[in-house]
Amino acid sequence: MASSPEHPGSVLGPSRTKAGISGIIMTAFAAFGGMLFGYDTGTIAGIIQMNDWIKTFGRPDSTSPTGYSVSTSRESLVVSILSAGTFFGALAGAPAADMLGRRVSIMLTCLVFSLGVSLQTGAPNFATFTVGRVFAGMGVGLVSTLIPMYQSECSPRSIRGALVSCYQWAISIGMLLAAVVNNATKDRTNHSAWQIPISVQLVWAFVLLFGMLWLPETPRWLIKRDRREDAAKAMSRLRSLPMDDPVVQSELRDIVASLEEEREMNQSSYADCFRFTRNKIAFRTLTGIALQAWQQLTGINFISYYGVTFFTSAGIQNPFLISVITNVVGTSMTVFGIWAVDSFGRRSMLIWGAAVMCVCEFLVAIVGVTIPTSNLGGQRALIALVCIYVGAFASTWGPVAWVVTGEIFPLNVRAKGISLSAASNWLWNWAIAFATPYLVNKGAGEAALGVKVFFIWGSTCAGCIAFTYFCIPETKGLSLEQIDLLYQHSTPVTSTSYRKQIIAESVLRDGSAERGDAAGTVGLEKGGADWEVEEVKQGEPAGS
């Protein structure tokens, strides 16, 4: 059945969705993949400042207190090469997710990531360490595509934002644990100083791999592969409801109807991601790519990658401890973001978050330029402003960017759209990680900006505000299929009012859904024909 602007809820059924505790736990567990992302990102910031790592992979330098130093080019390479691997890993996530399924691809990702960690841990030279960073990066890139996709396709619409935001929370927890472990091992005088923080990552990969064995495949991927009975079983597990429950059947009908409409448009290739059609797929793709780019341009990874180095150069005592504090702030504020994203909405969170970061970053730059490093009050103000900035990012642009990326694409091109968006994230992540030492450090051919680099980040956050206002629609409380209608019949600026119209019509349809067929078999549309889902015993495992 086709939809229309006059009847925005005509193919979508009720707005009410149910999810039992077990289904919520399963979907939330997948967010653990963010630990791989966050811990690996956070651990390198401390490792490159450890004396034994510098001695092992650096070169003799009589001017250095330790007798060794790492050149700017080598420091830039070892930090940024992870992002080069993640770029290609993110792109590989689309074909893997479409061919193997979301669940199996996540499990294979754990193996790729573990190879990279093992190479780094046992690296006898800089080349081996660098290759290990590339493989670990590929694993992190795959995770950044697959986890938001898996969670978005499994989550009930009412708490989808919160569940996908758990991915960013896991990233924050990973960064916090990395800072804690780095602080605990930094004073060791042998290779264990940096080998322990790196090898801990094998534990995170094992937990994710083992846990995914028990999780179902996403119903949307199974329907896309015409495995409809398996899709019904998976949806039943995720919602903790019988297969013949009206809510389960309504969601399945919505997915089938939306997929058939997409198939009629024949839009499923990479080229289709950039075609300007009434479904606005090109606009969605460019929005996802730009959103992830702007997330990186907030400057947050300057603190993630070079936080210890920055605090040291700013004259702050015990920079490792300050790094732990900023990560505690980030982890705590992400919890607020998990609640707020489904309460305040995506657009307002992004706009206000960018505004707060913009103010903080300009103030950090001004304080750093005008107050000497010997001024204790100035250093405390600097730390406080950085903590507010980190907290604003962790509660808004950190989780919400991944929420929006995971939900704005139609099923036929979802894997490719999320993959391109995640690749954009890592491309800019690499560019910033590679360029930052040359922007900040003092030396021949280097900009020596120091704290003045925050003037750049403040300006880019101002750009984030304008981008959000004109390009990000409000999708709070809508199913993935309803978001298709939102794009077809409204603009980002008018999306809030049209979203209310969709929800209002869906609420009116609740009663009819409650009176729907509760028999053992249910007919679901497919181009005018019905297909049946046979009654399956509750608790039977879903298809993988």
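The rules behind each value
Residues numbered from 1 in each chain as written. Predicted model: local features only at pLDDT ≥ 70, side-chain atom pairs only at ≥ 80, totals over all residues. Heavy atoms only, no water. Core = buried A, V, L, I, M, F, W, Y, C linked by side-chain atoms within 4.5 Å. Buried < 20%, exposed > 50% of the residue type's maximum accessible area, 1.4 Å probe, protein only. pLDDT = per-residue confidence, 0-100. Contact = heavy atoms within 4.5 Å. 1 Å grid on protein atoms, 1.4 Å probe; cavity = no way out; pocket = protein on both sides within 12 Å on 5 of 7 lines; lining within 4 Å. Points joined across faces, edges and corners; volume = space filled by probe spheres on them. Helix = DSSP H or I, 4+ residues; strand = E, 2+ residues; numbered from the N terminus. Nonpolar A, V, L, I, M, F, W, Y, C, P; charged D, E, K, R; others polar. Salt bridge = Lys/Arg side-chain N within 4 Å of Asp/Glu carboxyl O.

1. Considerations on the nonpolar core
If you look at the biggest cluster of nonpolar residues, it comprises 116 residues, and the most contacted ones within it are Trp 53, Trp 397 and Phe 454. Counting 16 residues, the second largest nonpolar core, distinct from the first, contains Ala 231, Leu 241, Val 248 and Leu 259.

2. Some details on the confidence of the model for the protein chain
Across the protein chain, the average pLDDT comes to 84, with 88% of residues at 70 or higher. Here residues 1-18 is a poorly scored stretch, pLDDT under 50, and it has 59 contacts once near neighbours within four places are set aside; other chains count. Note on residues 517-544: pLDDT under 50 across the span, and 62 contacts to partners over four residues away in sequence or across chains.

3. Some points on empty space enclosed by the protein
Counted according to the given criterion, the structure contains three cavities of 30 Å³ or more. Of the volumes computed, that of the largest cavity is approximately 400 Å³. Together, 33 residues line the largest cavity, and Met 175, Ile 300, Asn 301, Ser 304 and Asn 327 are the ones closest to its centre. Listed by contribution, the elements that provide at least two residues to the lining of the largest cavity are α2 (33-47), α7 (160-185), α13 (281-297), α14 (300-313), α15 (319-340), α17 (376-395) and α19 (411-440). Here the residues of the lining of the largest cavity sort into 15 nonpolar, 18 polar and no charged.

4. Topic: the pattern of salt bridges
Pairs may arise between side chains of opposite charge once their charged atoms sit close together. Considering all chains together, one arrives at 19 salt bridges under this definition. Ionic pairing is found between Arg 228 and Asp 226, a salt bridge with its closest N-O pair at 3.7 Å. On the accessibility criterion, Arg 228 (9% relative accessible area) is buried. The structure contains a network of salt bridges with shared partners spanning Asp 98, Arg 102, Glu 153, Lys 224, Arg 414 and Lys 416.

5. Focus: unusual backbone geometry
A positive phi angle, near 55°, is found at Ser 240, a position not held by glycine. Assignment of secondary structure puts Ser 240 in the loop between α11 (228-239) and α12 (246-265).

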